[in-house]
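# Analysis of the macromolecular model
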Amino acid sequence: MTTSELYAVYCQAYADFDPALGCAAHAVAAGSAIERAIAEYASEDVANGTPLRSREAFDRAVATGLAALGPLGLRAA
């Protein structure tokens, strides 16, 4: 997946987070390993009160985690 595709996953997971359930269970359970990792990242942001990251802030976070995301399927776009 590309960073652009991952940002869409992040935004959807962030929006789907349900504070009453305490997790984004359906978003985390579905998809590839990299999609699950990004969904978990979004759910952590929501749980910690971090506002939805801008595309630029998300890109910086992906760059920081590049070593972990590459093996999960991140590809250059």
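Here we summarise the structure given alongside this text. Per chain, residue numbering runs from 1 following the sequence as it is written. Owing to the predicted nature of the model, reporting of local features is limited to residues with pLDDT of at least 70; listing and counting of side-chain atom pairs is limited to 80 or more, with chain, interface and lining totals taken over all residues. The side-chain values count all of the structure's non-hydrogen atoms but skip hydrogen atoms and water molecules.

## With respect to the packing of helix α1 (residues 3-16) against helix α3 (residues 33-47)
Fitted lines through C-alpha atoms give the axes, limited to the stretch in contact for helices. The angle between two N-to-C directions lies from 0 to 180 degrees. Note on conventions: DSSP H or I runs of at least 4 residues are helices, E runs of at least 2 residues are strands, and numbering of each starts at the N terminus. Relative orientation of the contacting elements α1 and α3 amounts to 45°, with a least axis distance of 8 Å. Considering the angle they form, α1 stands oblique to α3. In terms of crossing hand, the pair formed by α1 and α3 is right-handed. From α1, Leu6, Val9, Tyr10, Ala13 and Tyr14 reach across to α3, where they touch Ile34, Glu35, Ile38, Ala39, Tyr41, Ala42, Asp45 and Val46. Only Asp, Glu, Lys and Arg are considered charged in this grouping, and only Ala, Val, Leu, Ile, Met, Phe, Trp, Tyr, Cys and Pro are considered nonpolar; every other residue, Gly among them, is considered polar. Considering only residue class, the contact of α1 with α3 consists of 11 nonpolar, no polar and 2 charged. Roughly parallel means an angle under 35 degrees; roughly antiparallel, over 145; roughly perpendicular, 65 to 115; everything else is oblique. Two helices that cross are described as forming a left-handed crossing if the nearer one is turned anticlockwise from the farther one by less than a right angle, and a right-handed crossing if clockwise. Whether two residues are in contact is decided by their heavy atoms: any pair within 4.5 Å suffices.

## Considerations on helix α4 (residues 55-64)
Each residue is assigned to one of three classes by its accessible area relative to the maximum for its type, calculated with a 1.4 Å probe on protein chains only: buried under 20%, partly exposed between the two thresholds, exposed over 50%. What α4 keeps buried is the set Ala57, Phe58 and Val62. The arc enclosing the buried residues of α4, seen along the axis, measures out at 140°, which places them on a common side. Away from its buried face, by an angle of more than 90 degrees, α4 presents the exposed residues Glu56, Arg60, Ala63 and Thr64. The secondary structure elements touched by the buried residues of α4 are α1, α3 and α5 (66-69). It is the directions from the helix axis to the C-beta atoms that the arc portrays.

## Describing the packing of α1 against α4
Closest axis-to-axis distance for the α1/α4 pair is 10 Å, and the angle between their directions is 110°. Between α1 and α4, the interaxial angle falls into the category roughly perpendicular. Between α1 and α4 the crossing geometry is right-handed. Residue-level contacts link Thr3, Ser4, Leu6, Tyr7 and Tyr10 of α1 to Arg55, Phe58, Asp59 and Val62 of α4. Looking at side-chain class alone, the contact of α1 with α4 contains 5 nonpolar, 2 polar and 2 charged residues.

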